[in-house]
Amino acid sequence: RAKKNGPNGVLVYEPYMHAEALDRLSLRGDLQRALREDGFRLQYQPLIRLADGVPAGVEALIRWQSPARGFVSPVDFIPIAEEFGLIVDIGQWVLENSAIQVAKWRRDFGDLGLNVNVSGHQLVNPRFADDVMRALAIAGLPSSAVTLELTESVLMTEPDLGMAALHQLRGLGVQLSIDDFGTGYSSLAYLRELPVDELKIDRAFIARAELTAEDLALVRTIVELAQILGLRVVAEGIENAAQLAALRGLGCGYGQGYHLCRPVDPEVVPDQLARAQAGSPVGVLDHRSTA
Ligand code: C2E
Ligand code: MG
Ligand code: MG
Ligand code: MG
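Criteria and thresholds
- Numbering of residues starts from 1 in each chain and follows the order in which that chain's sequence is written.
- Here chains are named by letter from A upward and ligands by number from 1 upward, in the order in which they appear as written.
- Residues qualify for local features only when their pLDDT is at least 70, as the model is predicted, and side-chain atom pairs are given and counted only at 80 or more; totals for whole chains, interfaces and linings, by contrast, use all residues.
- Side-chain measures here rest on the full set of heavy atoms in the structure, leaving out hydrogens and waters.
- Only DSSP runs of H or I covering at least 4 residues are called helices, and only runs of E covering at least 2 are called strands; the numbering of each starts at the N terminus.
- Classification of residues uses two cut-offs on accessible area relative to the type maximum, computed with a 1.4 Å probe and protein chains only: under 20% is buried, over 50% is exposed, and between them is partly exposed.
- When checking whether two residues touch, look at their non-hydrogen atoms; a contact exists if any pair is within 4.5 Å.
- Accessible surface is estimated by sampling points in the Shrake-Rupley manner with a 1.4 Å probe; for residues, cover comes only from the protein chains shown.
- Definition of a polar contact: a pair of N or O atoms within 3.5 Å, with one able to donate and the other able to accept a hydrogen when the atoms are protein atoms, and with sequence-neighbouring residues admitted only if both atoms are side-chain atoms.
- Residue proximity to a molecule or strand is established when one non-hydrogen atom of the residue lies within 4 Å of it.
- The way it works is a 1 Å grid over only the protein atoms, where trapped points that fit a 1.4 Å probe form a cavity and open points with protein on both sides within 12 Å along at least five of seven lines form a pocket, and then any residue with an atom within 4 Å of a point lines it.
- Here the criterion for a molecule occupying a pocket or cavity is that more than half of its atoms lie within 2 Å of the pocket grid points.
- Charged means Asp, Glu, Lys or Arg here, nonpolar means Ala, Val, Leu, Ile, Met, Phe, Trp, Tyr, Cys or Pro, and polar covers whatever is left, Gly included.
- Grid points are joined across faces, edges and corners, and a volume is the space filled by probe spheres set on the points.
- Note on aromatic contacts: the rings of Phe and Tyr and the six-membered ring of Trp form a pair at centre separations within 6.5 Å, being stacked when their planes are under 30 degrees apart, edge-to-face when over 60 apart, and tilted otherwise.
- For Na, K and Ca the donor cut-off is 3.2 Å, and for all other metals it is 2.8 Å, counting N, O and S atoms only; because water is absent from this set, sites may look incomplete.
- When we speak of the arc, we mean the arc of directions from the helix axis to the C-beta atoms.

Q: What is the right way to read the overall build of the protein chain from this model?
A: A count of helices and strands for the protein chain gives 11 helices and 11 strands. Sorting the 291 residues of the protein chain into buried and exposed places 48% on the buried side. In the protein chain, of all internal contacts separated by at least 6 residues, the share reaching a separation of at least 24 is 65%. When the accessible surface of the protein chain is summed, it comes to about 14100 Å², and 53% of that surface belongs to carbon and sulfur atoms.

Listed below in structure tokens is the structure:
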């Protein structure tokens, strides 16, 4: 791990810590440049209503093709962006761009929701609610069309910090979702107090080659919990027909996953929406043609 691509692509040999620090610094510069020079893109993955295969909304997912590094996964660069305080600006870019995009699709296809992933660093920024509303105003997207996804672990680490912002946003009509649900340690008491509208079951419980009776029992419990609390429930990571059938059988309301539709470039989405409207719902009859 001593060999690293330094600035200008020169190979540098450094002790581990130094090389790591160098890399992080140049990563920061690269992220700043991407922000300035339009280096990020968005893909969209539909959220499918499992009962009838209709796309109820789309989740915006950020993509970064770095000129120097190639494709970098958001799993790798979002934490760095958080660490260097860039996530607020990146998050705002995501919000504005996805809101503008979905407002357009709604003009052609009617009701469609937008899910946006939000970092805890954004949530605790005192301007966050204003920033969200500004993005929606620019796009002309009603707040009721938007669901902000926060991970369970973020909500658990700072239970009080984001609470005011959550209530403020919800008061403005924005919906809230707990992403990767089941991987954190939410107490039921806390969950009941949270002003949320949706639970997304982490794909760790779903995307298994063979769903065991235990997996199924856990997922059933989360689906029932959501029903008791009056929350929408979305299963993440549906990768095959058996998983889809099992989730339908449990009465899970919505699903996402490679079996239904992969995250796709925005140019592809109108086609999918048109086909769904023409009676060929995504993930039910023709799920593989767009993957
Ligand atoms: P997430 O919000 O839980 O998003 C789901 C991830 O699972 C996405 O990865 C998606 O491409 C992937 N996925 C969807 N269906 C399947 C499936 O059937 N099987 C498997 N194995 N994976 C599936 P992606 O796009 O790489 O994003 C990873 C994470 O990065 C996201 O997890 C989210 O936490 C974060 N992220 C992505 N975009 C943004 C963003 O704009 N802002 C922030 N703050 N975080 C983001
Ligand atoms: Mg998400
Ligand atoms: Mg998730
Ligand atoms: Mg995740």
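Q: Got a minute to help me understand the side chain of Gln243 in this structure?
A: Position of Gln243 relative to the elements: it lies in helix 10 (residues 241-249). Among the polar contacts listed, one links the side chain of Gln243 to the backbone oxygen of Ile206, at a separation of 3.1 Å. At 2.5 Å, the side chain of Gln243 forms a polar contact with the backbone oxygen of Arg208.

Q: Looking at this model, I keep getting lost on the site of ligand 1. Mind explaining?
A: Surveying the vicinity of ligand 1 reveals 22 residues, the closest of which are Arg63, Asn117, Asp179, Glu239 and Tyr258. A distance of 2.9 Å is found between an oxygen atom of ligand 1 and a side-chain nitrogen or oxygen belonging to Arg203. The separation between an oxygen atom of ligand 1 and a polar side-chain atom of Glu236 is 3.2 Å. Among the detected pockets, ligand 1 sits in the largest pocket. No other element matches the 4 residues that strand 4 (residues 54-66) contributes to the shell around ligand 1. In the shell around ligand 1, the residues fall into 9 nonpolar, 5 polar and 8 charged.

Q: Whenever I open this one, the layout of surface pockets confuses me. Can you help?
A: Space left empty within the atom packing is revealed by a probe, the size of a water molecule, rolled over the atoms. Size it by volume and the largest pocket reaches roughly 1300 Å³. If you trace the largest pocket, you find 48 residues lining it, with Glu59, Leu61, Asn117, Asp179 and Asp180 closest to the centre. Of the residues in the lining of the largest pocket, the class split is 24 nonpolar, 13 polar and 11 charged. Size it by volume and the second largest pocket reaches roughly 440 Å³. Lining the second largest pocket are 24 residues, with Ala56, Gly57, Asp111, Leu112 and Gly113 sitting closest to its centre. For the lining of the second largest pocket, the elements supplying multiple residues, two or more each, are strand 3 (40-49), strand 4, helix 3 (87-109), strand 6 (113-117), strand 7 (146-151) and helix 11 (269-277). For the lining of the second largest pocket, the leading source of residues is strand 4, giving 4 residues. Of the residues assigned to the lining of the second largest pocket, the class counts are 12 nonpolar, 7 polar and 5 charged.

Q: Quick question: what am I supposed to make of the packing of aromatic side chains here?
A: What characterises a pair of aromatic rings is the spacing of the ring centres plus the angle enclosed by the ring planes. Tallied over the entire structure, the rule returns 5 aromatic pairs. Where Phe40 meets Trp64, the ring centres are 6.1 Å apart and the plane angle is 55°; that geometry is what we call tilted. Of this pair, Phe40 sits in strand 3 while Trp64 sits in strand 4, and the two are 24 residues apart along the sequence. Each of the two residues, Phe40 as well as Trp64, counts as buried. When the ring of Phe40 is compared with that of Phe77, the centres are 5.8 Å apart and the planes differ by 25°; the resulting orientation is stacked.

Q: What is the right way to look at the coordination of the magnesium ion (ligand 3) in this model?
A: Six octahedral donors around a metal ideally subtend angles of 90 or 180 degrees, whereas four tetrahedral donors ideally subtend 109.5 degrees. Protein ligation of the magnesium ion (ligand 3) involves Asp179 (OD), Asp180 (OD), Glu236 (OE) and Glu236 (OE), the donor distances falling in the range 2.1 to 2.5 Å. Within one chain, the residues serving as donors to the magnesium ion (ligand 3) are arranged as D-D-x55-E. Between the two metal centres, the magnesium ion (ligand 3) and the magnesium ion (ligand 2), the spacing is 4.1 Å, with Asp179 acting as a shared donor.

Q: What should I look at first to understand the side chain of Glu198 in this one?
A: Inspection of the secondary structure puts Glu198 in strand 9 (residues 198-201). The contact partners of Glu198, leaving out residues within four places of it in the chain, are Leu47, Asn115, Thr147, Glu149, Leu176, Ser177, Ile178, Leu231, Arg232 and Val234.

Q: Hey, could you run me through helix 7 (residues 163-171) in this one?
A: Think of an α-helix as 3.6 residues a turn; residues three or four steps apart then line up on the same face. Those residues of helix 7 that sit buried are Met163, Ala165, Leu166 and Leu169. Buried residues of helix 7, seen end-on, are gathered within an arc of 160° and therefore sit on one face of the element. For helix 7, the exposed residues set more than 90 degrees away from the buried face come down to Ala164 and Gly171. Of the surrounding elements, those touching the buried residues of helix 7 are helix 4 (120-123), helix 5 (128-139), strand 7, helix 6 (152-157), strand 8 (175-181) and helix 8 (188-193).

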